[in-house]
Amino acid sequence: MAKRQVEVFTTGCAGCGPAVELVKELAGPDCQVQVRDLRKDGDSEAKAAEYGITSIPAVVVDGRLASCCRGG
């Protein structure tokens with residue numbers, strides 16, 4: 001079975017570090033976690049726009065923005 005792709009979008013804010021750690025802790029062995037720092041990775045801005053991200057930190061699982069991260 002393919003691993004789930006989990007992307008965590010961050011900007012280095014006070015809430016980003018704990019959010020990344022929580023996602024990594026909860027993800028488990030069947031998930032591939034990628035941290036996308038909007039300050040450092042130019043491609044991340046385009047991806048964030050594609051997913052409709054309006055607030056940070058945000059989590060995307062298998063190409064879908066997590067329900068807890070929708071609506072700002």
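Conventions and cut-offs
- Residues numbered from 1 in each chain as written.
- Predicted model: local features only at pLDDT ≥ 70, side-chain atom pairs only at ≥ 80, totals over all residues.
- Heavy atoms only, no water.
- Buried < 20%, exposed > 50% of the residue type's maximum accessible area, 1.4 Å probe, protein only.
- Helix = DSSP H or I, 4+ residues; strand = E, 2+ residues; numbered from the N terminus.
- Arc of directions from axis to C-beta.
- Polar contact = N/O pair within 3.5 Å; in protein donor to acceptor, adjacent residues only side chain to side chain.
- Pairing = 2+ DSSP bridges.
- Contact = heavy atoms within 4.5 Å.
- Axes fitted to C-alpha atoms, helices over the stretch in contact; angles between N-to-C directions.
- Right-handed = clockwise from strand over helix to strand, strands pointing away.

Residue pairs three or four apart in sequence face the same way in an α-helix, which turns once every 3.6 residues. Looking at helix H2 (residues 42–51), one finds that the buried residues are Ser44, Ala48 and Tyr51. Along the axis of H2, the buried positions cluster into a sector of 70 degrees, meaning they face one direction only. Opposite the buried face of H2, by more than 90 degrees, sit the exposed residues Gly42, Asp43, Glu45, Ala46, Ala49 and Glu50. Sitting at the head of H2, Asp41 places a side-chain oxygen 3.1 Å from the backbone nitrogen of Asp43. A positive backbone phi angle near 80 degrees is found at Gly52, which sits one or two residues after H2.

Both strand E1 (residues 4–10) and strand E3 (residues 58–61) contribute to a ladder of four bridges, which runs antiparallel. Looking at the pairing, Glu7 lines up with Val60 of E3. Direction of pairing for E3 relative to strand E4 (residues 64–65): antiparallel, over a ladder of two bridges. Considered in E4, the bridge of Val60 is made with Leu65. Connecting the antiparallel pair E3 and E4 is a turn made up of two residues, with Asp62 showing a positive phi of about 50 degrees.

Right, let's talk about the sheet that holds E3 for a bit. If you trace the four strands from one edge of the open sheet to the other, you get E2-E1-E3-E4, paired in mixed fashion. The outermost strands of the open sheet, each flanked by one partner alone, are strand E2 (31–37) and E4. Along the sheet, helix H1 (residues 16–27) makes contact with E1, E2 and E3, crossing E2 at roughly 170 degrees. Together, E1, E2, E3 and E4 form the strand contacts of H2, whose direction differs from that of E1 by roughly 110 degrees.

Regular strands place their side chains on alternate faces of the sheet. Burial analysis of E1 places five of its seven residues in the buried class, the great majority of the element. The pairing of E1 with E2 spans seven bridges and is classified as parallel. Along E2, the bridge assignment pairs Phe9 with Arg36. The β-α-β motif built from E1, the intervening H1 and the parallel element E2 has right-handed crossover chirality.

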